[in-house]
Amino acid sequence: HAGERLFDGRHPLAGGLAHHPQPLPAEALRCVNCHARSDRLEAGFAPVLSAASLTRAAQRRGGPASRYDRTAFCRVLRTGIDPAWVLVPRAMPRYALTDAQCAALWMYLTEGDA
């Protein structure tokens, strides 16, 4: 699955940190470095990325309850702005994703291997 290969870094992503002009190396941009895909797995220091965690209404970073859809997911990856219009921490990379890459990641995280 293309989304799985993007998530674990077998297909490298491009991006960098907010307010830093230099791009990060692909190894530093792997989603799996910080996020687990399943609530059954031990997560790193970042939220678990699963269909349940992304699509259920929840308060995030002190903002109002919100949920992700594909558009909001792609926006947070590119700009750091979540579905409640709250900025994610600056340590979260901002990705230079194509629409196809973002759609593949969203599908992998929300639909799994289906």
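As a starting point, this report considers the structure included with it.

Tallying secondary structure elements over the protein chain gives four helices and two strands in all. For 114 residues, the compact-globule estimate of 2.2 N^0.38 gives 13 Å, and the protein chain sits close to it at 13 Å. Within the protein chain, the proportion of its 114 residues that are buried is 42%. The contacts in the protein chain between residues at least 6 apart in sequence include a share of 45% that link residues at least 24 apart.

A complete count under the given rule lists two aromatic pairs for this structure. Note on Phe7 and Tyr108: the rings are 5.8 Å apart at their centroids and 55 degrees apart in plane angle, and the pair reads as tilted. Residue Phe7 is located in helix 1 (residues 2–8), and its partner Tyr108 is located in helix 4 (residues 99–111); the two are separated by 101 residues in the primary sequence. As far as burial versus exposure is concerned, Phe7 and Tyr108 are alike and both buried. With 5.3 Å between their ring centres and 50 degrees between their planes, Phe73 and Trp106 make a pair best called tilted.

Here we take up the pattern of salt bridges. Applying the stated criterion to the full structure yields four salt bridges. One salt bridge in this structure joins Asp8 and Arg10, with 2.9 Å as the shortest N-O distance. Among the residues examined, Asp8 registers a relative accessible area of 25% and is labelled partly exposed. The shortest N-O distance in the salt bridge between Arg61 and Asp82 comes to 2.6 Å. You can see Arg61 sitting in the loop between helix 2 (51–55) and helix 3 (70–79) and its partner Asp82 sitting in the loop between helix 3 and strand 2 (94–95), a full 21 residues away along the chain. For Asp82, a relative accessible area of 0% corresponds to the buried category. Here the residues in one salt-bridge network are Glu4, Asp8 and Arg10, joined through shared partners.

Turning our attention to helix 4. Its 13 residues give helix 4 an end-to-end C-alpha distance of 17 Å, which sits within 8% of 18 Å, the value for a rise of 1.5 Å per residue. For helix 4, the set of buried residues is Cys102, Ala103, Ala104, Leu105, Trp106, Tyr108, Leu109 and Thr110. On the buried face of helix 4, the contacting elements are helix 1, helix 2 and helix 3. Following helix 4 by one or two positions, Gly112 has its phi on the positive side, about 65 degrees.

So, how was this worked out
Residues numbered from 1 in each chain as written. Predicted model: local features only at pLDDT ≥ 70, side-chain atom pairs only at ≥ 80, totals over all residues. Heavy atoms only, no water. Helix = DSSP H or I, 4+ residues; strand = E, 2+ residues; numbered from the N terminus. Rg over C-alpha atoms; globule rule 2.2 N^0.38 Å. Buried < 20%, exposed > 50% of the residue type's maximum accessible area, 1.4 Å probe, protein only. Contact = heavy atoms within 4.5 Å. Phe/Tyr/Trp six-rings, centres within 6.5 Å; stacked < 30°, edge-to-face > 60°. Salt bridge = Lys/Arg side-chain N within 4 Å of Asp/Glu carboxyl O. Expected span 1.5 Å × (residues − 1).

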